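# Per-entry structural report
If you want the building blocks of each chain, they are given just below.
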Amino acid sequence: MSDLYKTAVIGDSASVSGFAALGLSVFHETDADKISKLINKLASGGFGVIYITEPAAALVSDTIKKYRSRKLPSIVLIPAIEGNTGEGMRGVHEAVEKAVGSDILN
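The present account deals with the structure reproduced in this document. Model, not experiment: these values are computed from the prediction. (Residues numbered from 1 in each chain as written. Predicted model: local features only at pLDDT ≥ 70, side-chain atom pairs only at ≥ 80, totals over all residues. Heavy atoms only, no water.)

A few words now on the environment of Asn84. One can find Asn84 in the loop between β4 (74–78) and α5 (87–100). The exposure class assigned to Asn84 is exposed, which follows from its relative accessible area of 52%. Put simply, Asn84 and Thr53 are 31 residues apart on the chain and 9.1 Å apart in space, counted from C-alpha to C-alpha. (Helix = DSSP H or I, 4+ residues; strand = E, 2+ residues; numbered from the N terminus. Buried < 20%, exposed > 50% of the residue type's maximum accessible area, 1.4 Å probe, protein only.)

Our focus in this paragraph is unusual backbone geometry. Of note, the amide linkage connecting Leu72 to Pro73 takes the cis form, showing an omega dihedral of -5 degrees. With respect to the element layout, Pro73 can be found in the loop between α4 (61–68) and β4.

What follows concerns the sheet that holds β4. Within the open sheet, the four strands sit side by side as β2-β1-β3-β4. Their pairing is parallel. What marks the edges here is a single partner per strand, and that holds for β2 (25–28) and β4. When the angles between neighbouring strand axes are averaged without regard to direction, this sheet yields 20 degrees. Pairing analysis gives four bridges linking strand β1 (residues 6–11) to β2, with the strands arranged parallel. Its bridge partner lying in β2, Gly11 is registered against His28. In the packing of helix α2 (residues 32–43) onto the sheet, contacts are made with β1, β2, β3 (47–53) and β4, and the angle to β3 comes to roughly 160 degrees. (Pairing = 2+ DSSP bridges. Axes fitted to C-alpha atoms, helices over the stretch in contact; angles between N-to-C directions. Contact = heavy atoms within 4.5 Å.)

Structure, rendered in structure tokens:
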């Protein structure tokens, strides 16, 4: 028997509402303090993956850094409706480079 983890999405309403149709737990939040507390709560509450919009992630970068060295939860940046800063893709490149020794995505 394997452990099942939940998946959450955090960000502004317009960017994350559609994820509810996929069965993900959706949190409409744009306040830095509330986002930080929410991430900590989700991390201790059985969530294995937390998707967060790039603008929301920018507000809580210290909280996200705290979880980078941990196995769970995996915090993945996604673009918001208003645009993509490129931070999420940079994170994917860094993770791939760390895992395989070179950036094979370029």
